[in-house]
Each structure stands twice: as C-alpha cells, then as structure tokens.
Amino acid sequence: MPRARALSNHARTVLAALLDAGAGWSHGYELCRLAGVKSGTLYPLLIRLEAQGHLEAEWQQPAEGGRPPRHAYRLTKTGVQLARDNPPDSKVAARRGLREVPT
Amino acid sequence: MSVRFQRRIANLLCRALQSILPPQLRDWGLAIRYEVAEIPEDTQALSFALASVCTLAPRAIGLLLIQPFVALPGAAVRASRAGANRGSGTLHSPRAVGALCAVGAVGMGLVYMTLAGAPVGYLIINAGALVIGLALLFPVSRGLGAGGRLPGVLILGLSLLLLATALLGLRVEGAARWVNLGGVIVQPSLVLLPLMLVGFSRTRTPLATVGIVVAALAMALQPDRAMAAMMTLALAAVAVTRADRPTCLAFTASLLAFGVTLLRPDALPAVPFVDRILFSSFGVHALAGLAVLAGSVMLVVPAIIGRSRDGDDRATCFAFGAAWLAATLAAAFGNHPTPVVGFGGSAILGYALSLSLLPRPVESRVGSATAPPDEPLASRDIHSRIALA
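Residues numbered from 1 in each chain as written. Chains lettered and ligands numbered in written order. Predicted model: local features only at pLDDT ≥ 70, side-chain atom pairs only at ≥ 80, totals over all residues. Heavy atoms only, no water.

Under an unreviewed UniProt entry, chain B has the name Peptidoglycan polymerase and belongs to Pyxidicoccus parkwayensis.

As recorded in an unreviewed UniProt entry, chain A goes by Helix-turn-helix transcriptional regulator and comes from Pyxidicoccus parkwayensis.

## Digging into the overall build of chain A
Tallying secondary structure elements over chain A gives five helices and three strands in all. For chain A, the sequential pattern of α-helices and β-strands runs α-β-α-α-β-β-α-α. In chain A, which comprises 103 residues, the proportion classed as buried is 44%. Here chain A displays about 5600 Å² of accessible surface, and carbon together with sulfur accounts for 50% of that area. (Helix = DSSP H or I, 4+ residues; strand = E, 2+ residues; numbered from the N terminus. Buried < 20%, exposed > 50% of the residue type's maximum accessible area, 1.4 Å probe, protein only. Areas by Shrake-Rupley, 256 points an atom, 1.4 Å probe, with all protein chains shown as cover.)

## Describing the sheet that holds strand 3 (residues 70-75) of chain A
The strand order 1-3-2 (chain A) describes an open sheet built from three strands, whose pairing is antiparallel. Pairing within the sheet leaves two strands with one partner each, and these edge strands are strand 1 (26-27) and strand 2 (55-60) of chain A. (Pairing = 2+ DSSP bridges.)

## Thoughts on the interface of chain B and chain A
Across the boundary between the two partners, chain B contributes 25 residues, which contact 24 residues of chain A. Of the roughly 2200 Å² buried where chain B meets chain A, counting both sides, 65% is carbon and sulfur surface. Taken together, chain B and chain A are joined by two salt bridges. Here R70(A) makes a salt bridge to E35(B), at a shortest N to O gap of 2.5 Å. (Contact = heavy atoms within 4.5 Å. Buried area = accessible area lost by both parts, 1.4 Å probe. Salt bridge = Lys/Arg side-chain N within 4 Å of Asp/Glu carboxyl O.)

## Points about the UniProt feature "transmembrane region" (unreviewed entry) in chain B
Residues and elements named next belong to chain B. Per the UniProt record, "transmembrane region" (unreviewed entry) is annotated on residues 96-115, 121-140, 152-172, 178-198, 205-221, 277-305, 317-334 and 340-358. As annotated, residues 277-305 has a helix share of 93% and a strand share of 0%, and its two end C-alpha atoms lie 27 Å apart. Secondary structure over residues 317-334 splits into 94% helix and 0% strand, and the C-alpha atoms at its two ends are 26 Å apart. (UniProt positions renumbered as here; feature names shortened; annotations may be inferred.)

## Examining helix 5 (residues 120-144) of chain B
Residues and elements named next belong to chain B. With 25 residues, helix 5 ought to run about 36 Å at 1.5 Å a step, and its terminal C-alpha atoms sit 35 Å apart, in line with that. A bend of about 40° at L137 is the largest found in helix 5, and the proline P139 appears one to four places after it. Residues of helix 5 that are buried include every one of L123, N126, A129, L130, G133, L137, V140, S141 and L144, and no others. Residues of helix 5 that are buried sit in contact with helix 4 (94-116), helix 6 (150-168), helix 7 (188-202) and helix 15 (345-355). (Expected span 1.5 Å × (residues − 1). Bend = angle between axes of the 7 residues up to and from the residue.)

## Section: the sheet that holds strand 1 (residues 170-172) of chain B
Residue and element names in this part refer to chain B. Within the open sheet, the three strands sit side by side as 1-2-3. Their pairing is antiparallel. Of all the strands in the sheet, the pair left with one neighbour each is strand 1 and strand 3 (184-186). Sheet twist, expressed as the mean angle between neighbouring strand axes with direction ignored, is 40°. As paired elements, strand 1 and strand 2 (residues 175-181) share two bridges and run antiparallel to each other. What sits directly across from L170, in strand 2, is W178. (Axes fitted to C-alpha atoms, helices over the stretch in contact; angles between N-to-C directions.)

## Concerning the confidence of the model for chain A
Low pLDDT marks regions whose predicted coordinates should not be analysed in detail. Taken over all residues, the pLDDT of chain A has a mean of 83, while the share at 70 or more is 82%. Note on residues 99-103 of chain A: pLDDT under 50 across the span, and eight contacts to partners over four residues away in sequence or across chains. (pLDDT = per-residue confidence, 0-100.)

## Considerations on the confidence of the model for chain B
Residue and element names in this part refer to chain B. Taken as a whole, chain B shows an average pLDDT of 81; of its residues, 83% reach a score of 70 or greater. Counting contacts from residues 83-91, a segment whose pLDDT is below 50, to residues more than four positions away or on other chains yields 26 contacts. Across the predicted assembly, pTM comes out at 0.57 and ipTM at 0.85.

## As for the layout of surface pockets
All names here are of chain B. Empty space within the second largest pocket amounts to approximately 880 Å³. Lining the second largest pocket are 39 residues; nearest its centre among them are W178, I185, V186, Q187 and S346. Of all the secondary-structure elements, those providing two or more residues to the lining of the second largest pocket are helix 5, helix 6, strand 1, strand 2, strand 3, helix 7 and helix 15. For the lining of the second largest pocket, the residue count by class is 27 nonpolar, 10 polar and two charged. (1 Å grid on protein atoms, 1.4 Å probe; cavity = no way out; pocket = protein on both sides within 12 Å on 5 of 7 lines; lining within 4 Å. Points joined across faces, edges and corners; volume = space filled by probe spheres on them. Nonpolar A, V, L, I, M, F, W, Y, C, P; charged D, E, K, R; others polar.)

## What about unusual backbone geometry?
Residues and elements named next belong to chain B. With an omega of -5°, the peptide bond between Q222 and P223 qualifies as cis. Its location among the elements puts P223 in the loop between helix 8 (206-221) and helix 9 (225-241). For F273, which is not glycine, the phi torsion reads 70° and is therefore positive. Here F273 is to be found in the loop between helix 10 (245-263) and helix 11 (277-284). Backbone geometry at V340 places phi at a positive 65°, although glycine is not the residue there. Position of V340 among the secondary structure elements: in the loop between helix 14 (311-333) and helix 15.

## Topic: helix 9 of chain B
Residue and element names in this part refer to chain B. Spanning 17 residues, helix 9 covers 24 Å between terminal C-alpha atoms, matching the ideal 24 Å at 1.5 Å per step. Among the 17 residues of helix 9, 12 are classified as buried, and the element is accordingly described as predominantly covered. Turning to helix 9, its buried residues number three or more, namely A226, M227, A228, A229, M230, M231, T232, A234, L235, A237, V238 and A239. Its side-chain oxygen 3.2 Å from the backbone nitrogen of A226, D224 forms the N-cap of helix 9. (Polar contact = N/O pair within 3.5 Å; in protein donor to acceptor, adjacent residues only side chain to side chain.)

## Considerations on the packing of aromatic side chains
All told, the structure shown has nine aromatic pairs over all chains when counted by the stated rule. Judged by centre distance (5.9 Å) and plane angle (85°), the rings of Y122(B) and F273(B) are edge-to-face. Of this pair, Y122(B) sits in helix 5 while F273(B) is found in the loop between helix 10 and helix 11, placing the two residues 151 residues apart along the sequence. For Y122(B), a relative accessible area of 25% puts it in the partly exposed group. Lying across the ring of Y29(A), R33(A) places its NZ or CZ 5.3 Å from the centre. (Phe/Tyr/Trp six-rings, centres within 6.5 Å; stacked < 30°, edge-to-face > 60°. Lys NZ or Arg CZ within 6 Å of the ring centre and 35° of its normal.)

Shown next, in the form of structure tokens:
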C-alpha cells in the first residue's frame, strides 16, 4: 500500500490558494504570489498533484494576439477534498492573506 | 545586468529545462516558459525561471540517466504482450529480453556503485563478468540445451563441483562456498546453481534429479541459506507447473536442505557493495536506491515475458524467475550477495548462464513513441512518479 506523505505547509498554502479560486483557473505566477512560494517549490507540487489526480491542467489560448498560451490549473473533486483536509497553518495563512478553510 | 539580458537568460534557461525534461513532463517545461513570458518584471521573470530550473533540472538529469534502464522492463512487457497477441514477437523471447535485462541490471549496479564510491576495479569486474557471461551464453546453450543424456550428465557433474566446493573450498566463518581461480575468488553456487535449476526444469531425468539432490546436500553442508532458498523456490515453481515424481523428489531434497541451513548458524558479516544493498542504497542516494531497485526488478522480467508460454518453456521461465527472486530477497534480508546489481562477478556469470536455457527469440521489434518537444502530454506516468517521489 502506498505510504501517504504528510503535506508541507507550502503545499497546504498552494492547495488553499487553489481552493480559494474555486471553479476558476489559476496560473503559475499568480499561485506563487498568492501562496508565497517560489516556482521551484510550486511546479514539482503541481506536477505531483496532477499525477495523483488532484489537479487538472489545461492550455488556455491568450485573449490578445501575439501572446503565448498559458497553462492553467484548478483542483479536481479529490483535490478539493485534499485541500479541505489539509488547511495551511493559520499563522502562515494569515500572513499570506489566505482565508482559513473550514473543515 | 541589463533588463533585456535578464529576459533572454530567463528564456534560455526555460528552453534548456524544457529540452532536458522527459517527454512526459515536457509540457510542464513549456508551461514554465510561457508563464515566464507573462511576468511583466524582468528580474522577477529571471528569478521565476531560475527557481524552476534549480529544482527541476537535477531531477530531469537524473531521469535522463536512469530512463533507459527504467524503460527496459516496460518495453519488454509491452513487446511481449504485442507478441502474444499475434502469437509471436521479437521480445517475446525470454532469452533475448533476459540478455537486455542482464545488461540493464549490470548497468544499474554500476550506477549504484559509482554513486556509493566503490573502487573502479569493482566496476571493471562486474562489466567484465557481463561480457564473459554473454559470450558463454551460446556455447552453454548448445551443451545443456541438447537432447539425450548429456544435460543430465552435465547437471550431475556440476553438482559434484558444488559438493567439492562445500568440502574443500575456501572457508570463512564456517561457510565454504568460494574457490580461488588464479587469484579470482568465485562462488560456484551462484554461477552454477541457477543454470542447473533452469536446466532441471527442462530435463527431469534420473541423472538430473540425482544432480539436484547432490546440490541440495552441498548447500546444506556449507551452509548457504540464500542458495538453498533459491533451490527451494525454483523447484516449487517447477512443481507447480509440472508436478511429476522427479520434481517432487528434488523439491523435497531442497526443502530439507533449506531447513538445515535455517537451523545452522550463519555468522558471515555484511560486505560493503555486496550484501544488504537493496535497502541501504537509498541511504547513499535516492538515485542509487532506484538503480538497485530497478536492476533487481529487471532480473525477473524474463519470467514475466515467459508466463504466456506453455509446458516446459513455462516451467523453465518460472524456475528462472523464482531462482533470481529468491536470491534477491535473501540478499535483502541477510548477509548474502545482492545478485547482479551488487559487486561480484559470480552472480552476473550465473545470471547470464541461466539465460542460456530460456526459450529462444522468435522475432523482434519494439516501438517507442516519443513526443515532440512542444506537444503537451499527460504526465501521470512512471516518470512523474519517479521524478517526484
């Protein structure tokens, strides 16, 4: 049976940011700013969440011409549950400006 | 640093990262590159790119190094399934797959030993043993694979060699399982026993049966739990496939021998780069651990390939797989040589020789799809799991 790994507080804050976005799509840079993490922390986490089925990703075409498409992310149902089960530390959440997720 | 220059460096870093990521993760590299392009502030864009590269590049490089070996069992199994679907197949040949697995497992062992800081001489010995083993594959196949009485005579002859080793071989802490061949220490049981067991699965003549009983006696005399376990598990696999009288007799003898080895003390200390490396390798480095694990898994791939075979071919493949599985498990739990991926030419020779009696290749063709660099792909695969474990 695979061993469940405890989520780091960075992972919890990223999950909380994605949870805050609800059904809306988020982008990498925006998530970094909201969760207060570096992209080096964010992308391995996103890749893992996507591989585990907690995150869905899609390519979005730019609104204005000449810009590249962007990779956008949002939580799946299991991802929402994971985020709710793993709220960020309240102090960190307050510092990042994230609301505390009710469990 | 000029603003324009920072933007160019960031873009260059992202492109480099994208190019070294495995195809299954390359769309993530593309995502980072396009995200950097959206960041208005150049310094922030460079910082974003740098942080991504610093984290993902080492994993990507590690994956590049390990990918050929990790992909090997999967490719073999896919080829086997394709072959089974059309009644044949190139890599539907357990022997051909086994030769590839031998190369892959020895390669994995070299990766482990390099990361663990083993002497260069160890690497040369393992590589040399592989070359010798593969060179002997064909002549041994001709000898033991022949019909008539010859295979039985050979199995009996080899068992007498094992008995002589148990009685007259180099003795360490009560175990006498080595011989000195011109300055090179060899463990004959690791070289010969797998070959004998695989041979017995095809040739269950009275002479061959006597040979296996003598070999069981030799294992009990030393004592050698790992080799006795190898005998027992391999013969159990044969008995499950073909439960005839010679097999039952040989299995009973091996079971008794295994029981004796369990009762007798085995005080041999663990040897660095040889014993107990399956778990300890992860303490050296995650890549070293993965290399040992991947190499160990490769050892039983020929048995998986051969599961669709019928009759003696099936029994042969199962005996082969059971023998090497037992040796690997024994090494995981006791001070026994970790076959093929650890230091030691005997196991490599033994693995290569035991391949000689596996079913032959039929035809071969393996396809592998790689994605174009900028095409997004799903990343829910083994590479993601390994990269991010």
